[in-house]
Amino acid sequence: MSSFDHIILYCLLYLTAEKYGNYKKYNVKYLKILFVLFYVIIEGLRYGRGNDQNYVYGPEYLRCLSGSVLRENMEPIYMFILKSVRTFDPFIDVFVFGSIFIVYAFIFIFCLLKLYSGFRQYTTHFLLFALLATLYITEWPIRTGVGFSFMLPAIFYLTQCDLSRWKSDANFWMAILFLAIPPFIHKGDTLGCVLILVFFLFCNRKIISWKVSLPLLLVLELTSTATSLMHTLFNYLSVIDVSNGIDDRFQHYLDDSTLENEIENSLNGERSAFTQILAIGYYSSMIIVGYIVTTSKRHSIWIYNLFVCSMLIAEPFRLLGSAIRMFTPTSVLWFIPMSIAAYYYKEFKANKIFFYCYWFFIAYLVMYYGRFVFFNPEAQYVWSVDSI
């Protein structure tokens, strides 16, 4: 059973997200303030959720001014944020890791609200779905999550851009500005930024059919092809001299030792048959529901296509670690097409396939994230830590 504070905080956050998200006007400022406040408390003052916080980014922040960081040649914007916050941190002697995770939480939530401002008129449950979709990326691969935050305003500006004259549209260049930030926070976010731009420019008209994506998902999930193909590919790459053509910070993703460890982890971490069936049903439901609504309404075609392609790599190869993590930022964008589908639910519920897939998706969310909220005894916050 989760601690009382964990349950209450998440219930308040999700309730506020729903209340605020269901108002189509921005005149309910107290709900917006409460939404931001609850999120910052939960994510900014969490403790020990995800290995990276306690063993990498927390200690790295505390040591950054002394020059004793855990790794060399860190990205410049990341180091700028780290050192700037550490220099003026008023909570360095109050909380375990000062205020650095509070800053990360503020960055993410304001970027999310910027994205929401472009979708609020034709989405439902947008903020709630977004919080659920991004829970992993903000708590586990922390630096990847910080970089991902800046992709959200970029997506907002691209949705406001006129594709027919994108070269002269200021929105496009604002998007480019935001997409230029994540690679200087985490090099692993570079691929996500490139994919966003490529799909906006070249995959904005034709929708990926579920008749292609769904069978492909089933093949990758239900056979060992995914693991064996990726293992073979990485072994092939490892014998090629890539050191001269790839940044040293990318080289980690191709190191033999890293790949061998992650292949072993993937074999040891396979899902049970029942869990695998549920997961397949969950992703299949998103593919089908998103396809039905996107085909009819033509909203954000490129975002649906981007999510599907990224998910087809990130989900079947999920346990192969660092290299696959580069697809994580774009694979969590399911909250956009699914919140659009929720908005048009009444119009499409007569379609039995849509109806059953939509409610399977909702049931999976309730079960999966309900366990995180109510049955997560390891969830801690800085006020529950005995010593600082």
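Residues numbered from 1 in each chain as written. Predicted model: local features only at pLDDT ≥ 70, side-chain atom pairs only at ≥ 80, totals over all residues. Heavy atoms only, no water.

Undergrad: Quick rundown of the packing of helix H15 (residues 273-297) against helix H16 (residues 301-314)? Include the residues and the values.
TA: In the contact formed by H15 and H16, the axes pass within 11 Å of each other and the chain directions differ by 160°. In terms of orientation, H15 and H16 fall into the roughly antiparallel class. Between H15 and H16 lies a crossing of left-handed hand. Residue-level inspection shows Tyr283, Met286, Ile287, Gly290, Tyr291 and Thr294 of H15 in contact with H16, the latter providing Ile301, Tyr304, Phe307 and Met311. Its residues assigned to classes, the contact of H15 with H16 comprises eight nonpolar, two polar and no charged. (Axes fitted to C-alpha atoms, helices over the stretch in contact; angles between N-to-C directions. Helix = DSSP H or I, 4+ residues; strand = E, 2+ residues; numbered from the N terminus. Parallel < 35°, antiparallel > 145°, perpendicular 65-115°, else oblique. Left-handed = near helix turned anticlockwise from the far one by under 90°. Contact = heavy atoms within 4.5 Å. Nonpolar A, V, L, I, M, F, W, Y, C, P; charged D, E, K, R; others polar.)

Undergrad: Would you mind going over the nonpolar core in detail, with residue names and values included?
TA: Trp334, Phe335 and Ile336 are the most contacted members of the largest nonpolar core, which has 128 residues in total. Broken down by element, the residue count for this core peaks at 13 residues, all from helix H5 (residues 100-117). What Ile336 contacts, discounting residues up to four positions off in sequence, is Leu115, Phe119, Phe126, Ile155 and Ile303. (Core = buried A, V, L, I, M, F, W, Y, C linked by side-chain atoms within 4.5 Å. Buried < 20%, exposed > 50% of the residue type's maximum accessible area, 1.4 Å probe, protein only.)

Undergrad: Any chance you could break down unusual backbone geometry for me, citing the residues and the numbers?
TA: Among all residues except glycine, the phi angle is most often negative; among peptide bonds, the trans geometry is most common. Located in the positive-phi region is Arg298, a residue other than glycine, with phi close to 60°. Looking at the element boundaries, Arg298 is found in the loop between H15 and H16. Exposure remark for Arg298: the relative accessible area of 45% places this residue in the partly exposed category.

Undergrad: Give a detailed account of empty space enclosed by the protein, specifying residues and quantitative values.
TA: In this approach the atoms are scanned with a rolling probe the size of a water molecule, which exposes any empty space left behind. The tally for this structure, following the rule as stated, stands at three cavities of 30 Å³ or more. Each pocket or cavity is described by its volume, and for the largest cavity that value is around 90 Å³. Split by residue class, the lining of the largest cavity holds seven nonpolar, three polar and two charged. (1 Å grid on protein atoms, 1.4 Å probe; cavity = no way out; pocket = protein on both sides within 12 Å on 5 of 7 lines; lining within 4 Å. Points joined across faces, edges and corners; volume = space filled by probe spheres on them.)

These figures come from the coordinates and say nothing about function on their own.
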